[in-house]
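# Commentary on secondary and tertiary structure
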Amino acid sequence: MQRRSRGTHIGLLLLLSQIFRVGINNIPPVTLATLALNVWFFLNPLKPLLSSCLSVEKCYQQKDWQRLLLSPLHHVDDWHLYFNMASMLWKGIHLERRLGSRWFAYVITTFSLLTGVVYLFLEFALAELMDEPDFRRNCAVGFSGVLFALKVLNNHYCPGGFVNVLGFPVPSKFACWAELLAIHFISPGTSFAGHLAGILVGLMYTRGPLKKIMETCSGVFPSNIDYPGQQDYFNGLGYFGYQDYYPRGRPGYYDEVPRNYDAYTAGLSEEEQLERALRASLRDQDARRTIYSSPLI
């Protein structure tokens, strides 16, 4: 794994620009805190990347379990941080306002830990099944796995419609699998197991017992707490707008207000923005064979 460059952080500047264009007041609190935490650890890492990344050898064999906490919050370079956090910005706005801030914080924390555990299991299983010890040494870092899990949730709550993956329309229910393949076609050095782990965790929540287990373990707050203020609505095409909530109006009344997101997205969808950022990163960086999880996305 290569050392992070000390030059101008173009990706970081683009991320901050996008955050300010969206408007800090328009970003729900847990989403904003997650962005701030990842930027903080990028600028002030607790440990070097080689001491933070997640691998079977380091975690299981050497009992360095703190890496489960460190790896999602560390990124290889500013471009890695940029397209992870740009994706987090969109997913957080959608999901936090739907699930409520407290439950969304619970989801983020659970997914961060569980994605790492599933990643270790996958790498261990590959090492055993293929009799290839190198899988135990594969080291992943980043928020990508969590983002893939959140994408499964987002597609679950917004069924139908299509998303753009490398210029091809893909039904939203298959978008995660298409993006999993597309990312590793464009950038084969990324962690396939890390991204797959995120998809599996997302499916455990939407189709498996994970949500019920989380509700049982919490016992304190429900999963449908409303986020005060603006509330999102979703249409069948998978796009979203927002509505202002009028607490003194008649129950259930929402006044739909159009919003021009093109002002800060240049008319691009989330997938198109991430694709452009990824291509720019590949042009900006020399080809590298680093093993990392491109949005432990």
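Keep in mind that this is a model prediction, so the values were computed, not measured. (Residues numbered from 1 in each chain as written. Predicted model: local features only at pLDDT ≥ 70, side-chain atom pairs only at ≥ 80, totals over all residues. Heavy atoms only, no water.)

### Describing the pattern of salt bridges
Pairs may arise between side chains of opposite charge once their charged atoms sit close together. Heads up, the condition is: Each reported salt bridge corresponds to a side-chain nitrogen of Lys or Arg within 4 Å of a carboxyl oxygen of Asp or Glu. A run of H or I in DSSP becomes a helix once it reaches four residues, and a run of E becomes a strand once it reaches two; helices and strands are each numbered from the N terminus. Partly exposed describes any residue whose relative accessible area lies between the buried limit of under 20% and the exposed limit of over 50%, with all areas from a 1.4 Å probe on protein chains only and scaled to the type maximum.
In this structure the tally under the stated criterion is 4 salt bridges. We note a salt bridge from Glu179 to Lys151, for which the minimum N-O separation is 3.5 Å. Taken together, the residues span a long stretch of sequence, with Glu179 in helix H9 (residues 175-186) and Lys151 in helix H8 (residues 144-157) at a distance of 28 residues. Owing to a relative accessible area of 8%, Lys151 belongs among the buried residues under this scheme.

### Thoughts on unusual backbone geometry
For residues that are not glycine, phi is negative in most cases, and the peptide bond is trans in most cases. The backbone of Lys63 shows a phi angle near 60°, a positive value even though the residue is not glycine. By secondary structure assignment, the location of Lys63 is in the loop between helix H3 (56-61) and helix H4 (67-70). Of note in this structure, Asp131 is not a glycine but carries a positive phi near 50°. Its location among the elements puts Asp131 in the loop between helix H6 (101-129) and helix H7 (134-137). Assessed through its relative accessible area of 66%, Asp131 is described here as exposed.

### Regarding the packing of aromatic side chains
Defined as follows: Centres within 6.5 Å are what make two rings of Phe, Tyr or Trp a pair, Trp counting through its six-membered ring; a difference in plane orientation under 30 degrees is then read as stacked, over 60 as edge-to-face, and the rest as tilted. Our definition puts a charge over a ring when NZ of Lys or CZ of Arg is within 6 Å of the ring centre and also within 35 degrees of the ring normal.
In this structure the tally under the stated criterion is 4 aromatic pairs. With centroids separated by 5.1 Å and ring planes inclined at 90°, the aromatic side chains of Trp103 and Tyr106 adopt a geometry described as edge-to-face. Taken together, the residues Trp103 and Tyr106, both in helix H6 and 3 residues apart, mark about one turn of the helix. Residue classification places Trp103 among the buried residues on the basis of a relative accessible area of 0%. If you follow Lys63 out to its NZ or CZ, it ends over the ring of Tyr60, 4.8 Å from the centre.

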